[in-house]
Amino acid sequence: AIMGPSGSGKTTLLNFLTGKVSGGVLAEGKVVLNGRNAFVPQDDRLHGFYTCKGYMKHYAHLSGLKTDGKNVDKIFEGLGLTNHADTIVGDLFRNGLSGGQK
């Protein structure tokens, strides 16, 4: 996990490591995280009507993990977000998670 205060560059670092930075920035190398490469963007590319747990299961599936939901529950426990598992993500029109929680 990458942690830090707002504005410290966490998202920029992840964008750089996953090749999502534009503007002529070049990087070479290989990023491997436990044999897998996965990244969930923080900005509002998420549909506001889905729940947190629904998205976590979706991204686990996209990254190739086989899940029965128990490992997703463990992630929520580890992040201290168990109470928000069934909260909708939210968007401009729906209340939901804060930017940091997303």
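Everything below is about the structure shown above.
Residues numbered from 1 in each chain as written. Predicted model: local features only at pLDDT ≥ 70, side-chain atom pairs only at ≥ 80, totals over all residues. Heavy atoms only, no water.

## With respect to the overall build of the chain
For the chain, the count of helices and strands is 3 helices and 0 strands. Written out in order from the N terminus, the α and β elements of the chain read α-α-α. Expressed as a percentage of its 102 residues, the buried residues of the chain come to 15%. Taking all contacts inside the chain whose residues are at least 6 apart in sequence as the whole, residues at least 24 apart take part in 45%. Accessible area for the chain stands at about 7900 Å²; split by element, carbon and sulfur atoms hold 53% of it. (Helix = DSSP H or I, 4+ residues; strand = E, 2+ residues; numbered from the N terminus. Buried < 20%, exposed > 50% of the residue type's maximum accessible area, 1.4 Å probe, protein only. Contact = heavy atoms within 4.5 Å. Areas by Shrake-Rupley, 256 points an atom, 1.4 Å probe, with all protein chains shown as cover.)

## Here's the deal with the packing of aromatic side chains
Going through the model one piece at a time under the given rule, you end up with 3 aromatic pairs. Judged by centre distance (5.2 Å) and plane angle (80 degrees), the ring pair of Tyr50 and Tyr55 falls under edge-to-face. For the ring pair Tyr55 and Tyr59, a centre distance of 6.1 Å and an interplane angle of 25 degrees mean the geometry is stacked. Residue Tyr55 and its partner Tyr59 are both found in helix H2 (residues 52–62); the two are separated by 4 residues, about one turn of the helix. A relative accessible area of 10% means that Tyr55 is categorised as buried. Owing to a relative accessible area of 24%, Tyr59 belongs among the partly exposed residues under this scheme. Members of the aromatic cluster, connected to one another through ring pairs, are Phe49, Tyr50, Tyr55 and Tyr59. (Phe/Tyr/Trp six-rings, centres within 6.5 Å; stacked < 30°, edge-to-face > 60°.)

## Concerning the pattern of salt bridges
Oppositely charged side chains may form a pair once their charged atoms are brought near each other. Counted according to the given criterion, the structure contains 2 salt bridges. Lys53 serves as the salt-bridge partner of Asp73, at 2.9 Å between the closest nitrogen and oxygen. Placement of the pair is Asp73 in helix H3 (residues 70–79) and Lys53 in helix H2, with a sequence separation of 20 residues. Looking at Asp73, the relative accessible area reads 28%, which means it is partly exposed. The class for Lys53 is partly exposed, based on a relative accessible area of 22%. In this structure, Asp91 engages Arg94 in a salt bridge whose closest nitrogen and oxygen atoms are separated by 2.6 Å. Asp91 sits in the partly exposed class, given a relative accessible area of 27%. Using a relative accessible area of 36% as the deciding quantity, one classes Arg94 as partly exposed. (Salt bridge = Lys/Arg side-chain N within 4 Å of Asp/Glu carboxyl O.)

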